[in-house]
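Read off the chains here:
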Number of protein chains: 2
Amino acid sequence: MKNDSQIKIVEVGPRDGLQNEKISISLDDKFQYIELLSKSGLQFIEAGSFVRPESIKQMAMTDKLYEKIVESKLDQFIRFPCLVPNLIGLENAKKAGVKDIALFTAISDSFTKKNINCTVDESFSRMKEVIDNASSEMVFRGYISTVFGCPYEGKTSIKRLCEVTEKLLDLGIDELSLGDTIGVATPSQVVEVVSAIKKICPEDKIAMHFHDTRGMAITNVLKSLELGIRIFDSSSGGLGGCPYAKGATGNVATEDLLYLCEAEGLSTGIDLEKIMDASIFILNKVNKTSPSKFFITKLKERL
Amino acid sequence: MKNDSQIKIVEVGPRDGLQNEKISISLDDKFQYIELLSKSGLQFIEAGSFVRPESIKQMAMTDKLYEKIVESKLDQFIRFPCLVPNLIGLENAKKAGVKDIALFTAISDSFTKKNINCTVDESFSRMKEVIDNASSEMVFRGYISTVFGCPYEGKTSIKRLCEVTEKLLDLGIDELSLGDTIGVATPSQVVEVVSAIKKICPEDKIAMHFHDTRGMAITNVLKSLELGIRIFDSSSGGLGGCPYAKGATGNVATEDLLYLCEAEGLSTGIDLEKIMDASIFILNKVNKTSPSKFFITKLKERL
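Keep in mind that what you see is a predicted model, and the values were worked out from it rather than measured. (Residues numbered from 1 in each chain as written. Chains lettered and ligands numbered in written order. Predicted model: local features only at pLDDT ≥ 70, side-chain atom pairs only at ≥ 80, totals over all residues. Heavy atoms only, no water.)

Novice: Please set out the overall build of chain A residue by residue, giving values where relevant.
Specialist: Across its full length, chain A carries twelve helices and nine strands. The C-alpha radius of gyration of chain A comes to 18 Å, within 12% of the 19 Å expected for a compact globule of 303 residues. Its C-alpha atoms give chain A principal-axis dimensions of about 50 × 45 × 40 Å. Scored against the burial criterion, the 303 residues of chain A give a buried share of 59%. Counting only carbon and sulfur atoms, one obtains 49% of the accessible surface of chain A, whose full area is about 11900 Å². Across chain A, 38 positive and 42 negative side-chain charges occur, with their mean positions spaced 3 Å apart. (Helix = DSSP H or I, 4+ residues; strand = E, 2+ residues; numbered from the N terminus. Rg over C-alpha atoms; globule rule 2.2 N^0.38 Å. Buried < 20%, exposed > 50% of the residue type's maximum accessible area, 1.4 Å probe, protein only. Areas by Shrake-Rupley, 256 points an atom, 1.4 Å probe, with all protein chains shown as cover. Lys, Arg positive; Asp, Glu negative; His and termini not counted. Charge placed at Lys NZ, Arg CZ, Asp CG, Glu CD.)

Novice: Could you give an account of the sheet that holds strand 3 (residues 48-49) of chain A, naming the residues involved and the relevant values?
Specialist: All names here are of chain A. Here nine strands make up an open sheet; going across it, the order is 2-1-9-8-7-6-5-4-3 and the pairing parallel. Both outer strands of the open sheet, strand 2 (44-45) and strand 3, are each paired with one neighbouring strand and no more. Pairing analysis gives five bridges linking strand 7 (residues 175-180) to strand 8 (residues 206-210), with the strands arranged parallel. Bridged to L178 within strand 8 is M208. (Pairing = 2+ DSSP bridges.)

Novice: Tell me what's going on with the pattern of salt bridges, and back it up with residues and numbers.
Specialist: A complete count under the given rule lists 52 salt bridges over all chains for this structure. The residue D121(A) makes a salt bridge to K167(A) at a minimum N-O spacing of 3.2 Å. Here D121(A) is found in helix 6 (residues 120-132), whereas its partner K167(A) is found in helix 7 (residues 158-171), with 46 residues between them in sequence. Of the residues examined, D121(A) reaches a relative accessible area of 46% and is grouped as partly exposed. Residue classification places K167(A) among the partly exposed residues on the basis of a relative accessible area of 36%. Linking R214(B) and E301(A) is a salt bridge whose minimum nitrogen-to-oxygen distance equals 3.5 Å. Of this pair, R214(B) sits in the loop between strand 8 (206-210) and helix 9 (217-226) while E301(A) sits in helix 12 (residues 293-302), each in a different chain. Owing to a relative accessible area of 15%, R214(B) belongs among the buried residues under this scheme. Each of the salt bridges in this network shares a partner with another, and the network as a whole consists of R214(A), E273(B), D277(B), K298(B), E301(B) and R302(B). (Salt bridge = Lys/Arg side-chain N within 4 Å of Asp/Glu carboxyl O.)

Novice: Lay out the relation of the copies chain A and chain B in plain terms, naming residues and giving numbers.
Specialist: Superposing chain A onto chain B requires a rotation of 180° together with a translation of 0.0 Å along the rotation axis, leaving an RMSD of 0.0 Å. Considering both components of the superposition, the chain copies are consistent with a two-fold axis. For chain A, the minimum C-alpha distance to the rotation axis belongs to T219(A) and amounts to 2.3 Å. In this assembly the copies share their binding face: 100% of the residues contributing to the interface of chain A also contribute to that of chain B. (Least-squares fit on C-alpha atoms with pLDDT ≥ 70 in both. Contact = heavy atoms within 4.5 Å.)

Novice: How would you sum up the environment of K274(A)? Please name residues and give values.
Specialist: Residue and element names in this part refer to chain A. Residue position: K274 is located in helix 11 (residues 272-285). Taking the relative accessible area as the measure of exposure, K274 reaches 35% and is therefore partly exposed. Separated by 238 residues in the primary sequence, K274 and L36 have C-alpha atoms spaced 7.3 Å apart. Beyond its immediate chain neighbours, meaning those up to four positions away, K274 contacts L36, K39 and S40.

Novice: Before we move on, can you summarise the packing of aromatic side chains with the specific residues and values?
Specialist: Applying the stated criterion across every chain, the model contains four aromatic pairs over all chains. Seen in terms of ring centroids, F148(A) and F210(A) are 5.9 Å apart; in terms of plane orientation they differ by 40°. Their pairing is tilted. Taken together, the positions of F148(A) in the loop between strand 6 (139-145) and helix 7 and F210(A) in strand 8 put the pair 62 residues apart, joining distant regions of the chain. K8(A) extends its terminal NZ or CZ atom over the ring of F44(A), reaching a point 3.9 Å from the ring centre. Here the basic side chain of K167(B) rests over the ring of F124(B), its NZ or CZ set 4.6 Å away from the ring centre. (Phe/Tyr/Trp six-rings, centres within 6.5 Å; stacked < 30°, edge-to-face > 60°. Lys NZ or Arg CZ within 6 Å of the ring centre and 35° of its normal.)

Below is the structure:
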């Protein structure tokens, strides 16, 4: 971080957002969404995931998408991390020219088993293989899911979180993203988690990844900001989330994050109106309205 | 306040909530909504408004509604404040047996002119008349609207807010409710406003009244809590709000407030499930889904 009022936003709409949308998006539309996002000043846009196409259909053709990114030369100005689950994914990522690799695990075995069909310990072997075989220019972001609660195991322990974090840091990750996968985090829990992690991980490596399932994401972001955190993941328009419940959302909306940052005098270097343009484009494609109240209110002002 | 972890919630759904709903609610349905709310442990439910029936149709028959409350003896256990704009309203409130009077003004003349057709100064003459002619057992709640911003005058000044507050305190009000009428308050503004008001008004007389138009209400509540505020206005289910924009909501939902309080270890004495029962009833009547993400997520858990 350049200074204390500079916020880094990792836009995860094209990956975490779209991955949870029912309507399938074409390669061209996905690339156009990324192009629109690129015009906003965003420096980090998570583009896709090199998982097996059968497992997450919405992430199929990440290789083709990345080729388009390279062709357009957008990757000369913006970093486009992609999820890589294993060696096969790594090979495909290398071929496509990916430089930013996102690795992922969780703190509960039940979740990793459902999610990636292995235990947390086994996920570390896979991540180590990926890092050991990576090219020298690659950098690594480590996601931990279910940090604030697991859909199968309930409340998770700080001790376990610290163990997993230390193992990730030992692997040599450059950034750590703490995920509230099911949107259960509360402000006091954020204080507990961030305080514990700050003792074992440099503050400027910690990102918070909140979902807004219970409308608490922006409150949790503010708590994190007060504790010195300066990196946040978000998805434009509040894309994603559970397709089963109207209003039950996925990632905190990038627009909400920008609104809070501006209100608190923090700098993001990102143009809200340009983010909204991208959101309008993609929400239209997935045939949804944004779950962000701020977005809806801003949209009204445009009319 | 009995102790520092005890929160007082003033449920404003039947008044501020319904007042902003397009679909007209029958007297019986309104009373049934109040009866359902009464089962939750709520101690304060704003029942209605003694304004001219022509000016706010949804508030017509507040006298009849209050008679039903008195007949049911609910008013022996719960306080039911009603808005009283002038002497005619006061006479009707007296006849109906109302004991808790809510007075209202704002800090911008443009707003009071549109809202109650007088300047802020003139509103004080009216309020003084009401207080001077009130019965001895009556208690007074003073609302200040547009505290954080006015739809006509934009940002409002702290100096002006303090002047209006001091005049209200001089009138002898027992509680002050600071209203973010158009939902523009931000956390740093909450710090500014609450810090200023605490210097001139006892902390245990200050209530915060947030609208969730930009999704910032719960964050603002948390900031207020951190500054020692223990009284909040809210409407069950997030009732009310602007009828013109989907998702652009009115008062912060009582359910959101209860979720935050529970998460932060604060006691309200209110049963969330019972509040939800009341919300489901009234949302059904106004043919709306709740704008509260927490409410929607909880509702899913019931299925």
